[in-house]
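Here is what each chain is made of, one letter per residue.
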Amino acid sequence: MKKTAIKSFSFFLALIMALSAFSLCAYAAEEVKFGNQKQQYNSQYAEFNFHADKSVKLKYNYEAEKFNVYYSAKSIAKKGKVLFSVKKATELAIFKDWVYYVNYSKGAIMRCKISDKSKQTLVKFDKNKVFFVNFIIDKKNSKLIYNLMPEYGLKTAQLYVASLNGKNKMKVSNRAKQHFFTNGKNLYYIRDNNLLKYNYDSKKSTVVKVNMYVKDAELIGMEGNNLYLYFSDDYTLDYYRVNVKDKKIKLLATPEAFGDDGAIISTIIYKNSIYVLTGTGAGCGFAKVNNKTGKFNYAPYDYNCLSEYFGYYKNSIAVEEADFVNGQNNYYKTIVNLK
């Protein structure tokens, strides 16, 4: 009886361990599958980014009139330490031991080593002729992808692919739109009225034939083969999902872009669910969009004074909470756990 009980217990324990191992593998696969694209969203739309548990945040110091880049090795919720400062900077990415950023004062895309704070210039540009720079890191293929927008209000820019050290630069397009994402060995972007994919191996761009007028669209995210985009004007805002493999298109929602809730400031789409920050007087409100009605469903953890930007932190959505009373605004919270 005792031997039978021991054997049964051993079998039960082994089963639990196997299931746990399977769950961990599934979690790891999820991170591998979507982590690259989540961080590409943050580089283009947020003021912070992450890699594993590490996080970096970009904050403007009004007294010193410069931007501080904070680094934390543990959590997005930790304030972290100032890694370096720069007079004018935008865009952030972190990969392994490097923090990538745009230094407009020097006219360069640069990276700073976390361990010793040494800096490297990866890409030089004429700061008097380039108005805006956007970049992402493709971790799976060790690529730095960036564009150079020559003037304010211009909707297209020169798009490049390079190695992470800035070398082996290839021009992808002379007139690509501002945002872009990768999947596998392909880079997806919009040029004129075409959705295109640039392949790293062939070094050529081909049209992804979808039944959609994309000239007025903007890419807002990617999740595996699903590419998310939106169309907007003064009165409407439509969110779509396009599968780049089977070319199927789905209208996800037409939310209330304007009204009592104010304009939509930032958007994240994850597994067809749409999350937004909206202008609400003194600060921003956080809501999930009802895909059928377009109504805003504000969560009970709706804050009065949120930042204008949110982004991914691993399997969550994180946002900065501003404390205007005490003049502090470097507190980040994860407010939605994504399944």
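Residues numbered from 1 in each chain as written. Predicted model: local features only at pLDDT ≥ 70, side-chain atom pairs only at ≥ 80, totals over all residues. Heavy atoms only, no water.

Student: Just give me the short version of the sheet that holds strand 8 (residues 119–124), but keep the residues and values in it.
Tutor: Strand order in the open sheet made by the four strands is 5-6-7-8, with antiparallel pairing throughout. Each of the sheet's edge strands pairs with one partner strand only, and the pair in question is strand 5 (89–95) and strand 8. This sheet shows a mean twist of 20 degrees between the axes of neighbouring strands, independent of strand direction. Two strands pair when backbone bridges link them, and strand 6 (residues 98–103) and strand 7 (residues 108–113) are joined in this way by six bridges, in the antiparallel orientation. Each bridged residue has a counterpart across the sheet, and for Asn-103 the counterpart in strand 7 is Ala-108. (Pairing = 2+ DSSP bridges. Helix = DSSP H or I, 4+ residues; strand = E, 2+ residues; numbered from the N terminus. Axes fitted to C-alpha atoms, helices over the stretch in contact; angles between N-to-C directions.)

Student: Summarise the pairing of strand 20 (residues 249–253); cite the residues concerned and give the values.
Tutor: Alignment of strand 19 (residues 237–243) against strand 20, held across four bridges, turns out to be antiparallel. If you follow Tyr-240 over to strand 20, its bridge partner there is Leu-251. Hairpin connection, strand 19 to strand 20: the antiparallel pair is bridged by five residues, and Lys-247 has positive phi, about 70 degrees.

Student: Tell me about the pattern of salt bridges, and please be specific about residues and values.
Tutor: Applying the stated rule across the entire model yields five salt bridges. Residue Lys-314 pairs with Asp-53 through a salt bridge whose shortest N-O separation is 2.7 Å. Separated by 261 residues along the polypeptide, Lys-314 in the loop between strand 25 (306–313) and strand 26 (316–323) and Asp-53 in the loop between strand 1 (48–51) and strand 2 (54–61) bring together distant segments of the chain. Given the relative accessible area of 37%, Asp-53 is considered partly exposed. Between Arg-175 and Asp-192 there is a salt bridge, with the nearest N and O atoms lying 2.9 Å from each other. Note that Arg-175 is positioned in strand 12 (residues 170–176) and Asp-192 in the loop between strand 14 (186–191) and strand 15 (194–199), a separation of 17 residues in sequence. Looking at Asp-192, the relative accessible area reads 35%, which means it is partly exposed. (Salt bridge = Lys/Arg side-chain N within 4 Å of Asp/Glu carboxyl O. Buried < 20%, exposed > 50% of the residue type's maximum accessible area, 1.4 Å probe, protein only.)

Student: Which residues make up empty space enclosed by the protein, and what are the values?
Tutor: In this structure the tally under the stated criterion is three cavities of 30 Å³ or more. In this structure, the largest cavity spans a volume of roughly 90 Å³. For the largest cavity, the lining is made up of 13 residues, of which Gly-221, Met-222, Glu-223, Ile-269 and Tyr-312 are closest to its centre. Those elements giving two or more residues to the lining of the largest cavity turn out to be helix 1 (2–45), strand 17 (217–223) and strand 21 (264–270). (1 Å grid on protein atoms, 1.4 Å probe; cavity = no way out; pocket = protein on both sides within 12 Å on 5 of 7 lines; lining within 4 Å. Points joined across faces, edges and corners; volume = space filled by probe spheres on them.)

Student: Go over the environment of Lys-79 with me, naming the residues and quoting the values.
Tutor: Within the secondary structure, Lys-79 sits in the loop between strand 3 (66–72) and strand 4 (81–86). Judged by its relative accessible area of 48%, Lys-79 is partly exposed. Between the C-alpha atom of Lys-79 and that of Ser-55, which follows or precedes it by 24 residues, the distance is 9.8 Å.

Student: Let's hear about the side chain of Gln-40: which residues, and what values?
Tutor: Note on placement: Gln-40 falls in helix 1. In this structure the side chain of Gln-40 is engaged in a polar contact, spanning 2.7 Å, whose partner is the side chain of Thr-182. Discounting chain neighbours no more than four positions away, the residues touching Gln-40 are Ile-136, Ile-137, Asp-138, Phe-181 and Thr-182. (Polar contact = N/O pair within 3.5 Å; in protein donor to acceptor, adjacent residues only side chain to side chain. Contact = heavy atoms within 4.5 Å.)

Student: Report on the side chain of Ser-316, specifying residues and quantitative values.
Tutor: Along the chain, Ser-316 falls in strand 26. Taking relative accessible area as the criterion, Ser-316 reaches 9% and is therefore assigned buried. In terms of polar contacts, Ser-316 uses its side chain to reach the side chain of Asn-337, at 3.1 Å. With sequence-adjacent residues up to four places away left out, Ser-316 is seen in contact with Gly-311, Thr-334, Val-336, Asn-337 and Leu-338.

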